[in-house]
Amino acid sequence: MAFKISQSNKIPAFLAMQVMEQANQMQAAGGNLVHLEVGQPSSPPPAAVCRALEKSLGHIASHGYSVAMGNPALRQRIAAHYQDWYQISADWQKIAITPGSSLGFVIAFLSAFDKGDRIAIASPGYPAYFNSMLALGITPQLLPARAAQDWKPDLEALVANGDIPDGLLLASPANPTGVVMRDVELEAVCRWCDKHGVRLIMDEIYHGLSFDEPTQSALAFTDNAIIINSFSKYFCMTGWRLGWIVLPDDLVQIAERLAQNLYISAPSINQMGAIAAFDCYKELDAHIPRYQENRDLLYRGLPSIFLGDHAPSDGAFYLYADVSALTGDSIAFAGRLLAETGVAITPGVDFDAFQGRTHVRLSYAGSTKEMKKAVQRINSWLAKT
Ligand SMILES: Cc1ncc(COP(=O)(O)O)c(C=O)c1O
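Here the structure is a predicted model, which means the values were calculated and not measured.

### Let's talk about the side chain of Arg-295
So, step 1. Take Arg-295: it is sitting in helix α11 (residues 288–301).
So, step 2. Among all residues touching Arg-295, those that are not within four sequence positions of it are Phe-211, Pro-312, Ser-313, Asp-314 and Tyr-364.

If you want it as structure tokens, here you go:
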């Protein structure tokens, strides 16, 4: 008897997660691995956050549901964070806490779009955008981003082609390129979206991790965008599965109803602990020079044949390298590197429909010692191959 399975069966795997699983298995079998595949900080959450979590174990409320939009005290603290970081006054009642920003995207998609609507996304870009849109019946519209255009998509081409989408989803700092939009560019995108009635979803989950100057939130330039953020990256709380969204007026109620029905609430106890995270900027900022040092180490240590025409990596903790001089099959290339050196990297096909076969992503979120090991192993491998 054949039972029905859904069209979600066609959704591609998230290769970075698969590479991580393979690398973890090799490590469990005694392998000496260097992890450049995972997009997560190697540092623990701030000590005060862990203490707040421990303390909240004693409160009965921590063990039940929070309201669907999230613990009011945490939402108020996030609103204050917009004042602290961006000098923006945000209404805490329009902030929703989500189980990771991953669920924040689902809320954003389902609250603003219907099946068949088109959302434009940059390629290269974070693979789950494309894949979760497919799962929800939304059509991703790929906008090529190329080295020649600073890895930023060309929105005016959409106007010229009469191809204006229903939504636009952009990230800055971006994954996998590390490219950061300047404030004037972000403002221009917000104006463009407002002018053309395109709902902007701005992924700001790598905010706090830019190396030149702090990035402004899209909230400063428009009231119509959905802002997505997370505790996973700057705050070093990846496994806590907490994110947040700042909603425009017209989407607050629908997002609340979706949250009530899709997940009831984000983990309450983690929400209690997370309130303390906003008192820990100093401790968290201390990681940034390490990321920058790691990036510079890779830039300096890897040969140009491995880096190629790479993206500038001004933020997040990724380097998107052009390995076209070495391979036209980034999956096989990453597989060989892993098997022969123990260095795990992610093939570009995960992120990039156009140039993914000739690109790879390196995450430099780990320790500087690990970066040195990676450089040494890659160089001796290249010398032999
Ligand atoms: C650009 C981007 N957006 C969203 C996410 C999802 O993060 P989380 O669900 O941990 O908040 C990631 C994870 O790596 C990412 O790189």
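This is not the end of the story, as more comes after the structure.
### Here's the deal with the domain arrangement of the chain
It is common to give the size of an interface as the accessible area that goes away when the parts come together.
So, step 1. Once the domains are mapped, the chain shows domain 1 (10–43 + 287–384) and domain 2 (47–280).
So, step 2. Computed from C-alpha coordinates alone, the two centres of domain 1 and domain 2 are separated by 26 Å.
So, step 3. Contacts between domain 1 and domain 2 engage 34 residues on the former and 33 residues on the latter.
So, step 4. In this assembly, domain 1 and domain 2 are joined by zero salt bridges.
So, step 5. Here domain 1 and domain 2 share ten residue pairs in polar contact (both at pLDDT 80 or more) between them.
So, step 6. Elements supplying a minimum of two residues to the side of domain 1 that touches domain 2: α11, β9 (318–322) and β12 (359–363).
So, step 7. Considering every element that reaches the side of domain 1 that touches domain 2, the biggest residue donor is α11, with four residues.
So, step 8. Grouping the amino acids of the side of domain 1 that touches domain 2 by side-chain chemistry returns 18 nonpolar, ten polar and six charged.

### Some words on the nonpolar core
So, step 1. Counting 108 residues, the largest nonpolar core has Tyr-82, Leu-168, Phe-231, Trp-244 and Ile-345 as the members making the most contacts within it.
So, step 2. It is helix α14 (residues 368–384) that contributes the most residues to this core, six residues altogether.
So, step 3. Domain assignment of the residues forming this core places at least three in each of domain 1 (10–43 + 287–384) and domain 2 (47–280).
So, step 4. Not counting the four nearest positions on each side in its chain, Leu-168 is found in contact with Ile-119, Ala-120, Leu-143, Leu-155, Val-189, Cys-193, Val-198, Arg-199, Leu-200 and Ile-201.
So, step 5. Within the second largest apolar cluster, five residues are counted, among which are Val-19, Ala-23, Leu-33 and Ala-344.

### Some remarks on the site of the ligand
So, step 1. The local shell around the ligand holds 14 residues, among which Ser-102, Asp-203, Tyr-206, Ser-230 and Ser-232 are the closest.
So, step 2. Contacts to the ligand include Asp-203, whose side-chain N or O atom sits 2.7 Å from a nitrogen atom.
So, step 3. The side chain of Tyr-206 places a nitrogen or oxygen atom 2.7 Å from an oxygen atom of the ligand.
So, step 4. If one sorts the elements of the shell around the ligand by residue count, helix α4 (residues 100–112) sits on top with four residues.
So, step 5. Residues that form the shell around the ligand fall into these classes: five nonpolar, six polar and three charged.

### Here's the deal with the packing of α4 against helix α8 (residues 252–262)
So, step 1. The interhelical angle for the contact between α4 and α8, taken along N-to-C directions, is 125°, at an axis separation of 9 Å. Classed by the angle they form, the pair α4 and α8 counts as oblique. Of the two possible hands of crossing, α4 and α8 adopt the one that is right-handed. For the pair α4 and α8, contact is made by Val-106, Ile-107, Leu-110 and Ser-111 and by Ile-254, Ala-255, Leu-258, Ala-259 and Leu-262, respectively.
So, step 2. Looking at the contact of α4 with α8 residue by residue, the class counts come to eight nonpolar, one polar and no charged.

### Focus on the packing of aromatic side chains
Here a ring pair, both rings aromatic, is described through the centre-centre distance and the interplanar angle of the planes.
So, step 1. Within this structure, the stated rule accounts for 21 aromatic pairs.
So, step 2. Between Trp-151 and Tyr-320 the ring centres are 5.7 Å apart and the planes differ by 85°, which places this aromatic pair in the edge-to-face class. Here the residue Trp-151 occupies a position in the loop between β4 (139–144) and α6 (155–160), and Tyr-320 occupies one in strand β9, the gap between them amounting to 169 residues.
So, step 3. Residue Tyr-320 is classed as buried on the basis of its relative accessible area, which comes to 0%.
So, step 4. Look at Tyr-206 and Phe-317: their rings are 5.7 Å apart centre to centre, the planes differ by 90°, and that puts the pair in the edge-to-face class. In this pair, Tyr-206 is assigned in the loop between β6 (199–203) and β7 (226–230) and Phe-317 in the loop between α12 (304–307) and β9, connecting sequence segments 111 residues apart.

### Overview of the pattern of salt bridges
So, step 1. One pass over the structure, following the stated rule, counts eleven salt bridges.
So, step 2. For Lys-94, the salt bridge identified is with Asp-249, shortest N-O distance 3.0 Å. Linking Lys-94 in the loop between α3 (72–86) and β2 (95–98) with Asp-249 in the loop between β8 (243–246) and α8, this pair joins segments that are 155 residues apart in sequence.
So, step 3. Exposure remark for Lys-94: the relative accessible area of 23% places this residue in the partly exposed category.
So, step 4. Exposure remark for Asp-249: the relative accessible area of 58% places this residue in the exposed category.
So, step 5. A salt bridge links Arg-199 to Asp-250; the nearest nitrogen and oxygen atoms lie 2.9 Å apart.

### A look at the pairing of strand β5 (residues 167–171)
So, step 1. Of all the five residues making up β5, five are buried; the element is thus mostly covered by neighbouring parts of the structure.
So, step 2. Residues Gly-167, Leu-169 and Ala-171 line one face of β5 and the alternating positions Leu-168 and Leu-170 line the opposite face, and both faces are buried.
So, step 3. Sheet analysis places strand β3 (residues 118–123) next to β5, joined by three bridges and oriented parallel. If you follow Ile-119 over to β5, its bridge partner there is Gly-167.
So, step 4. In the sheet, β5 pairs with β6 via five bridges, with the strands oriented parallel. Within β6, the residue paired with Leu-168 across the bridge is Leu-200.
So, step 5. In this region the chain leaves β5, passes through helix α7 (residues 183–196) and returns to the parallel neighbour β6; the handedness of that crossover is right-handed.

Quick notes on the rules
Residues numbered from 1 in each chain as written. Predicted model: local features only at pLDDT ≥ 70, side-chain atom pairs only at ≥ 80, totals over all residues. Heavy atoms only, no water. Helix = DSSP H or I, 4+ residues; strand = E, 2+ residues; numbered from the N terminus. Contact = heavy atoms within 4.5 Å. Domains from an automatic or database assignment. Salt bridge = Lys/Arg side-chain N within 4 Å of Asp/Glu carboxyl O. Polar contact = N/O pair within 3.5 Å; in protein donor to acceptor, adjacent residues only side chain to side chain. Nonpolar A, V, L, I, M, F, W, Y, C, P; charged D, E, K, R; others polar. Core = buried A, V, L, I, M, F, W, Y, C linked by side-chain atoms within 4.5 Å. Buried < 20%, exposed > 50% of the residue type's maximum accessible area, 1.4 Å probe, protein only. Near = heavy atom within 4 Å. Axes fitted to C-alpha atoms, helices over the stretch in contact; angles between N-to-C directions. Parallel < 35°, antiparallel > 145°, perpendicular 65-115°, else oblique. Left-handed = near helix turned anticlockwise from the far one by under 90°. Phe/Tyr/Trp six-rings, centres within 6.5 Å; stacked < 30°, edge-to-face > 60°. Pairing = 2+ DSSP bridges. Right-handed = clockwise from strand over helix to strand, strands pointing away.

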